[in-house]
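Descriptive analysis of the structure
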Amino acid sequence: MASTLSDRLSRLVKTMRGQARITDSNVADMLREVRMALLEADVALPVVRDFIARVKEKALGTEVVGSLNPGQALVGVVHKELAATMGEGVSDINLATQPPAVILMAGLQGAGKTTTTAKLAKHLIEKRKKKVLTVSADVYRPAAIEQLKTVTRQAGAEWFPSTPDQKPHDIALAAIDHARRHYFDVLLVDTAGRLAIDEALMAEIRDLHATLKPIETLFVVDAMQGQDAVNTAKAFKEALPLTGIVLTKLDGDSRGGAALSVRQITGAPIKFAGVSEKIDGLEVFDAERHAGRVLG
Ligand code: GDP
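First, a word on what this report is: a plain description of the structure on this page. Keep in mind it's a predicted model, so treat the numbers as computed, not measured. (Residues numbered from 1 in each chain as written. Predicted model: local features only at pLDDT ≥ 70, side-chain atom pairs only at ≥ 80, totals over all residues. Heavy atoms only, no water.)

Re helix H2 (residues 24–40)
Here H2 contains 17 residues, and its C-alpha end-to-end distance of 25 Å stays within 8% of the 24 Å for a straight helix at 1.5 Å per residue. Turning to H2, its buried residues are Asn 26, Val 27, Met 30, Leu 31, Val 34, Ala 37 and Leu 38. Looking one or two places after H2, you find Asp 42, whose phi comes out positive at around 75 degrees. (Helix = DSSP H or I, 4+ residues; strand = E, 2+ residues; numbered from the N terminus. Expected span 1.5 Å × (residues − 1). Buried < 20%, exposed > 50% of the residue type's maximum accessible area, 1.4 Å probe, protein only.)

Side note on helix H3 (residues 45–59)
Side chains of residues three or four places apart in an α-helix project in the same direction, reflecting 3.6 residues per turn. For H3, with 15 residues, the first-to-last C-alpha span of 20 Å sits near the 21 Å given by 1.5 Å per residue. Among the residues of H3, Val 47, Val 48, Phe 51, Ile 52, Val 55 and Ala 59 are the ones counted as buried. The buried residues of H3 occupy one face: seen down the axis, they fall within an arc of 130 degrees. Packing partners of the buried residues in H3 comprise H2, helix H4 (70–87) and helix H10 (258–266). (Arc of directions from axis to C-beta. Contact = heavy atoms within 4.5 Å.)

A short note on the site of the ligand
Residues in close proximity to the ligand total 17 residues, the closest being Gly 110, Lys 113, Thr 114, Thr 115 and Asp 251. With respect to the ligand, the side chain of Thr 115 contributes an N or O atom lying 2.5 Å from an oxygen atom. One nitrogen or oxygen atom from the main chain of Val 275 is found 3.5 Å from an oxygen atom belonging to the ligand. Burial of the ligand by the protein chains amounts to 80% of its free accessible area of 580 Å². (Near = heavy atom within 4 Å. Polar contact = N/O pair within 3.5 Å; in protein donor to acceptor, adjacent residues only side chain to side chain. Areas by Shrake-Rupley, 256 points an atom, 1.4 Å probe, with all protein chains shown as cover.)

Considerations on unusual backbone geometry
At the junction of Pro 99 and Pro 100, the peptide bond is cis and its omega measures out at 0 degrees in the coordinates. By the element assignment, Pro 100 lies in the loop between H4 and strand E1 (101–106). At Lys 213, a residue that is not glycine, the phi angle is positive and equals roughly 45 degrees. With respect to the helices and strands, the residue Lys 213 is situated in the loop between helix H8 (199–212) and strand E5 (216–222). The class of Lys 213 is exposed, set by a relative accessible area of 65%. Phi is positive for Lys 249, which is not a glycine, with a value near 60 degrees. Residue position: Lys 249 is located in the loop between strand E6 (244–248) and H10.

Some points on the sheet that holds strand E7 (residues 270–274)
The sheet built from eight strands is open, its strands ordered E3-E2-E4-E1-E5-E6-E7-E8 with mixed pairing. The strands lining the two open edges of the sheet, one partner per strand, are strand E3 (158–160) and strand E8 (282–284). Averaged over all adjacent pairs, the angle separating strand axes in this sheet is 25 degrees, with direction ignored. Bridging between E5 and E6 involves five bridges; their strand directions are parallel. Bridge pairing links Leu 218 to Gly 244 in E6. (Pairing = 2+ DSSP bridges. Axes fitted to C-alpha atoms, helices over the stretch in contact; angles between N-to-C directions.)

Here it is, written out as structure tokens:
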């Protein structure tokens, strides 16, 4: 286990005792440690560079107050900047539209889309008192449709049937029609994923977006994906106007640096964190707490 950023910076500042400011001469060494910590947390390199540049600007000339030393003061600056970068924006689901509010789930296969769809259904039923319908537009994997049916039941929501011989576009229209007729507040649409980004998949989900006009388009991304999360995020951002991110598998042992990368690349707020395989394993994303985890 690598030592924490605070440990490393404290070791470093032992050599600069008596310096009451963060200056050009001491900041370079300290920023090198910050950079290492972020890379170890799997934040992508270009994102690290941008972040370090912002921190440097904010840190230089920062007065070190009270009992803090420059290292502790810098950790404070980094923590604050990390939390601000990851935490801006509204964190709950936006439902301010004529019902049914449609939520489109996007992401690679295995990211946790189907699980998150059911977790969100449960969240919206319990916390927002909504009547929720789910549907799967994944016509390539019959097992995925069945999986959504099972987890939707567990969530206490209703499931709209679809079959692999239908077109995703037709499934979308039928589901929205059903939702309207039966006064559902929310329609959650699970979509097909691929193991890697694929042009046909992107065209299909763009078409679904145009048909459904969702109020929320959530990008579901596996926190364990680390550096690769950047490329996935880029591709989905180019294909769709993302309104939020769900970072899954934060119960794993990754330091969750993907949060910073994905937030920076998509510009969309991280709304939720997946913290277990279970149906209630969804939390509203807490940027402050996550900043502490990324820093180790
Ligand atoms: P999809 O292909 O994107 O629909 O992904 P699934 O919803 O099928 O999830 C893929 C795997 O990840 C399943 O085994 C899920 O149980 C698991 N999973 C999803 N979210 C989480 C999470 O937050 N934590 C953990 N530990 N596992 C998760």
